[in-house]
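Here is how the chains run, residue by residue.
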Amino acid sequence: MMALGMPNPVLWGALAGVLNFIPYVGSATTLVVLVIVAFVSFDGVGRVLAVGATYLGLATIEGQIVQPLLVGHRLDLSPIIVFLALWCGGWFWGIAGIVLAVPSLVALKVVAEHSKHGTPLLAFLSPSVGKRFHRLRVNADRSARIKKTL
């Protein structure tokens, strides 16, 4: 916003940061407020469109690429699975589905970690599917052989 000449760019950054915690509505509210302030502040429509398009582009990149990658890495979940869970959750149940998508994935992963037959599901939810599945399968086979000899 500073590069586009908006007044009080720190205020708009803080507003976007706070409202970002509200799925969909927060970003839409920030976009509307920014466009209204741009209409009041600037004479040309080009600068108003630049403010709206810049915010919309940055919010889209953050929400669709950056956030799923970071959440997936932090929770040791595949970013593609996190993205698909958010997308499907929002499609099926709206905002409630988006809010419940990642906690449901984490709960499913914890159940798979503590289940005797959860190895394939754990491998599917993890970032490196092939390597992790092979390592878990080898460890499970090794454990079964040890128990068998005892």
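The rules behind the values
Residues numbered from 1 in each chain as written. Predicted model: local features only at pLDDT ≥ 70, side-chain atom pairs only at ≥ 80, totals over all residues. Heavy atoms only, no water. Helix = DSSP H or I, 4+ residues; strand = E, 2+ residues; numbered from the N terminus. Contact = heavy atoms within 4.5 Å. Salt bridge = Lys/Arg side-chain N within 4 Å of Asp/Glu carboxyl O. Buried < 20%, exposed > 50% of the residue type's maximum accessible area, 1.4 Å probe, protein only. Phe/Tyr/Trp six-rings, centres within 6.5 Å; stacked < 30°, edge-to-face > 60°. Axes fitted to C-alpha atoms, helices over the stretch in contact; angles between N-to-C directions. Parallel < 35°, antiparallel > 145°, perpendicular 65-115°, else oblique. Left-handed = near helix turned anticlockwise from the far one by under 90°. pLDDT = per-residue confidence, 0-100.

**What to know about unusual backbone geometry**
Turning to step 1, where the next piece is worked out: Positive phi outside glycine occurs at N8, with the angle close to 55 degrees.
Turning to step 2, where the next piece is worked out: Checked against the element boundaries, N8 lands in the segment before α1 (9-19).

**Describing the side chain of K109**
Turning to step 1, where the next piece is worked out: Looking at where K109 falls in the secondary structure, it is placed in helix α5 (residues 95-114).
Turning to step 2, where the next piece is worked out: In this structure, K109 is in contact with L75, D76, L77, L122, L125 and S126, ignoring residues within four places of it in sequence.

**Details of the pattern of salt bridges**
Turning to step 1, where the next piece is worked out: Evaluation of the coordinates by the stated rule reveals one salt bridge.
Turning to step 2, where the next piece is worked out: Among the ionic pairs, K109 bridges to E113, the shortest N-O distance being 4.0 Å. Of this pair, K109 and E113 are both found in helix α5, four residues apart, which corresponds to roughly one turn of the helix.
Turning to step 3, where the next piece is worked out: We classify K109 as buried; its relative accessible area is 6%.
Turning to step 4, where the next piece is worked out: Its relative accessible area of 40% is what places E113 among the partly exposed residues.

**Section: the packing of aromatic side chains**
Turning to step 1, where the next piece is worked out: Following the criterion strictly, the structure yields three aromatic pairs and no others.
Turning to step 2, where the next piece is worked out: Where W87 meets W91, the ring centres are 5.8 Å apart and the plane angle is 20 degrees; that geometry is what we call stacked. On the criterion of helical spacing, the pair formed by W87 and W91 is a turn pair, its members being four residues apart in helix α4 (residues 79-93).
Turning to step 3, where the next piece is worked out: By way of ring pairs, the aromatic residues W87, W91, F92 and W93 are connected into one cluster.

**Some thoughts on the packing of α1 against helix α2 (residues 25-41)**
Turning to step 1, where the next piece is worked out: Here α1 crosses α2 at 160 degrees, and the two axes come no closer than 8 Å. The orientation of α1 relative to α2 falls into the category roughly antiparallel. In this structure, the crossing between α1 and α2 has a hand that is right-handed. Contact residues: α1 offers W12, L15, A16 and L19, while α2 offers G26, S27, T29, T30, V33, L34 and V37.

**Notes on the confidence of the model for the protein**
Turning to step 1, where the next piece is worked out: Scored by pLDDT, the protein has a mean of 84; 83% of the residues are at 70 or more.
Turning to step 2, where the next piece is worked out: Mean pLDDT per element in the protein: helix α7 (residues 129-149) is the minimum at 60, and α2 is the maximum at 94.

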